[in-house]
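So you can see what is in the structure, the chains are spelled out below.
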Amino acid sequence: MRAQLIHRLNYRYAAPVSLGEHRLCLQPRGQGFQRLISHQLEISPDPVHRHELVASSGDEICRVRFFGATDRLSFIARSLVETRSAPPLESCFSGMEPSLPYPRGLLNKDLQGALEGWLPDGQHDPSAVELAQDALMGSNQQALPFLRQLVEMIQDRVKYTQRHIGPAWPAGRTLRERVGSCRDLAMLMIECCRCVGLPARFVSGYHLVDPAPEQYDLHAWAEVYLPGAGWRGFDPSGSGAIDDRYIVLASSSRPELTAAVTGSFSGPPNTASDLSWSIEAEIDGCGLQLRGEHGQEPDSRQAQAA
């Protein structure tokens, strides 16, 4: 699939403010099963300093700094991306599919950060451990049946809903509430995978569904590292294993590091800010325009996946 994307974000402030440093994850991934053909990022007002860097995940992000006061801030990211379907997972193992729980000591030490729990002591949430054990029981301790069973169980126990404001919930809260956004369900799947020794990380990007929805937001899903197959995407709020209609913007073991825009501003007390955005996509010559917007934000903000 080839897609031409235009992602616009516009911030308006009730009074002139000073902008802090901003971290931008608006450049689609350019490796693996996704090829970035071109990318341009327009920023207004012009930053006084701008530099690109490669994050620990391998994704390219941009940091910018501003000078002076402004009552608005806008970003326009234009990207041309080509994706292709990954090889079927069954063909990657040649009859040697890893059994679970996967021994931590057999993994490359670079993957250790994608195995850590989310509780303050580094342990996994007990409710996520219980869900992972339930999925493991019906999978003969094989990785692929486990992942399929896990997605089915998450969708059975948690109702998907959109939620624009706030960070991703921890696994325990999502299971307790029995409702969650795509980022909440992604976090739940990540935690369960880590419980059985499979490294997992959070992904933010676009899901260009067909037919297109009336309103579209950034999407979130999980990537799981399967020895012999590498990092592979799974969407617990979708149909499980991802296809070529998913476009990655950023991935990290911590969801807060994948936000499209992270930054702060300072101004008069109680200064309100509003964010509106639009995402336009032309897919293989078929144009579709997808929009979404929401209102007041806190001083330190992120454009969240719904």
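Residues numbered from 1 in each chain as written. Predicted model: local features only at pLDDT ≥ 70, side-chain atom pairs only at ≥ 80, totals over all residues. Heavy atoms only, no water.

**Student:** Let's hear about the overall build of the chain: which residues, and what values?
**Tutor:** A count of helices and strands for the chain gives five helices and 17 strands. The globule rule puts the C-alpha radius of gyration for 306 residues at 19 Å, and the 20 Å found for the chain is close to it. The C-alpha extent of the chain, read off along each of the three principal axes, is 60 × 45 × 35 Å. Every one of the 306 residues in the chain was classed for burial, and the buried ones make up 50%. Pairs at least 24 apart in sequence give 72% of the contacts found in the chain among residues at least 6 apart. Roughly 14100 Å² of accessible area belongs to the chain as shown, and the carbon and sulfur atoms make up 48% of that amount. With 29 positive and 36 negative side-chain charges, the chain shows a spacing of 2 Å between the two charge centroids. (Helix = DSSP H or I, 4+ residues; strand = E, 2+ residues; numbered from the N terminus. Rg over C-alpha atoms; globule rule 2.2 N^0.38 Å. Buried < 20%, exposed > 50% of the residue type's maximum accessible area, 1.4 Å probe, protein only. Contact = heavy atoms within 4.5 Å. Areas by Shrake-Rupley, 256 points an atom, 1.4 Å probe, with all protein chains shown as cover. Lys, Arg positive; Asp, Glu negative; His and termini not counted. Charge placed at Lys NZ, Arg CZ, Asp CG, Glu CD.)

**Student:** Explain the nonpolar core to me, using residue names and the numbers behind them.
**Tutor:** The biggest cluster of nonpolar side chains holds 44 residues, and the ones touching the most others in it are Phe146, Leu147, Leu150, Met189, Cys193, Leu198 and Leu226. Secondary-structure elements contributing two or more residues to this core are α1 (89–93), α2 (126–137), α3 (143–157), α4 (171–177), α5 (182–195), β9 (200–207) and β10 (219–226). The residues contacting leucine 147, other than those within four sequence positions of it, are Met189, Cys193, Leu198, Val224, Leu226 and Phe234. (Core = buried A, V, L, I, M, F, W, Y, C linked by side-chain atoms within 4.5 Å.)

**Student:** Before we move on, could you go through the packing of aromatic side chains and cite the residues and values that matter?
**Tutor:** Applying the stated rule across the entire model yields four aromatic pairs. Between tryptophan 221 and tyrosine 246 the ring centres are 4.9 Å apart and the planes differ by 75°, which places this aromatic pair in the edge-to-face class. Residue tryptophan 221 is located in strand β10, and its partner tyrosine 246 is located in strand β13 (residues 246–252); the two are separated by 25 residues in the primary sequence. Tyrosine 246 matches tryptophan 221 in its accessibility class, with the two residues each being buried. Across the ring face of tryptophan 169, the terminal group of arginine 173 is positioned such that the distance to the ring centre comes to 4.0 Å. Across from the ring centre of tryptophan 231, 4.0 Å away, lies the NZ or CZ of arginine 201, which sits over that ring. (Phe/Tyr/Trp six-rings, centres within 6.5 Å; stacked < 30°, edge-to-face > 60°. Lys NZ or Arg CZ within 6 Å of the ring centre and 35° of its normal.)

**Student:** Which residues make up the packing of α2 against α3, and what values go with them?
**Tutor:** Look at α2 against α3: their axes get within 8 Å of each other, and the N-to-C directions meet at 125°. It follows that α2 is oblique to α3 by the angle criterion. Both α2 and α3 take part in a crossing whose hand is right-handed. Contacts between α2 and α3 involve Leu131, Ala132, Asp134, Ala135 and Leu136 from the first element and Phe146, Gln149, Leu150, Met153, Ile154 and Arg157 from the second. Considering only residue class, the contact of α2 with α3 consists of eight nonpolar, one polar and two charged. (Axes fitted to C-alpha atoms, helices over the stretch in contact; angles between N-to-C directions. Parallel < 35°, antiparallel > 145°, perpendicular 65-115°, else oblique. Left-handed = near helix turned anticlockwise from the far one by under 90°. Nonpolar A, V, L, I, M, F, W, Y, C, P; charged D, E, K, R; others polar.)

**Student:** Hey, could you go over α3 for me, with residue numbers and the actual values?
**Tutor:** Owing to its 3.6 residues per turn, the α-helix brings residues three or four apart onto one side. The end-to-end C-alpha separation of α3 is 21 Å, in line with the 21 Å expected for 15 residues at 1.5 Å each. Residues of α3 that are buried include every one of Ala143, Leu144, Phe146, Leu147, Leu150, Val151, Met153 and Ile154, and no others. Against α1, α2, α5, β10, β11 (230–235) and β12 (240–241) lie the buried residues of α3. (Expected span 1.5 Å × (residues − 1).)

**Student:** Outline the state of the cysteines, listing residues and values.
**Tutor:** Counted under the stated rule, the structure contains zero disulfides. For cysteine 62, which is in no disulfide, the shortest distance to another cysteine sulfur is to cysteine 25 and amounts to 9.8 Å. Left unpaired, cysteine 182 is separated from the closest cysteine sulfur, that of cysteine 25, by 16 Å. (Disulfide = S-S within 2.5 Å.)

**Student:** So what's going on with the sheet that holds β12? Residues and values would help.
**Tutor:** Taken together, the five strands give an open sheet; going across it, the order is β12-β11-β10-β9-β13, and neighbouring strands pair in antiparallel fashion. In this open sheet, the two strands that pair with only one neighbour each are β12 and β13. As judged from the five bridges shared by β10 and β11, these two strands associate in the antiparallel manner. Looking across to β11, one finds that leucine 226 is bridged to glycine 230. Running over the sheet, α3 touches β10, β11 and β12 and is turned about 155° from β10. (Pairing = 2+ DSSP bridges.)

**Student:** Go over the environment of serine 204 with me, naming the residues and quoting the values.
**Tutor:** You can see serine 204 is positioned in strand β9. As a C-alpha pair, serine 204 and proline 255 span 51 residues in sequence and 8.3 Å in three-dimensional space.

**Student:** Hey, could you go over the pattern of salt bridges for me, with residue numbers and the actual values?
**Tutor:** Taken as a whole and judged by the stated rule, the model has 16 salt bridges. Here glutamate 21 ties to arginine 63 by a salt bridge, and the two come within 2.9 Å at their closest N and O atoms. One end of the pair, glutamate 21, is in the loop between β1 (2–19) and β2 (22–24); the other, arginine 63, is in strand β5 (residues 60–65), with 42 residues separating them in the sequence. The residue arginine 173 makes a salt bridge to glutamate 177 at a minimum N-O spacing of 3.8 Å. Of this pair, arginine 173 and glutamate 177 are both found in helix α4, four residues apart, which corresponds to roughly one turn of the helix. (Salt bridge = Lys/Arg side-chain N within 4 Å of Asp/Glu carboxyl O.)

**Student:** Lay out the environment of alanine 220 with the relevant residues and their values.
**Tutor:** Looking at the secondary structure, you find alanine 220 in strand β10. Look at alanine 220 and you get buried, because its relative accessible area is 0%. Measuring from C-alpha to C-alpha, the distance between alanine 220 and proline 236 comes to 9.4 Å, with 16 residues separating the pair along the chain.

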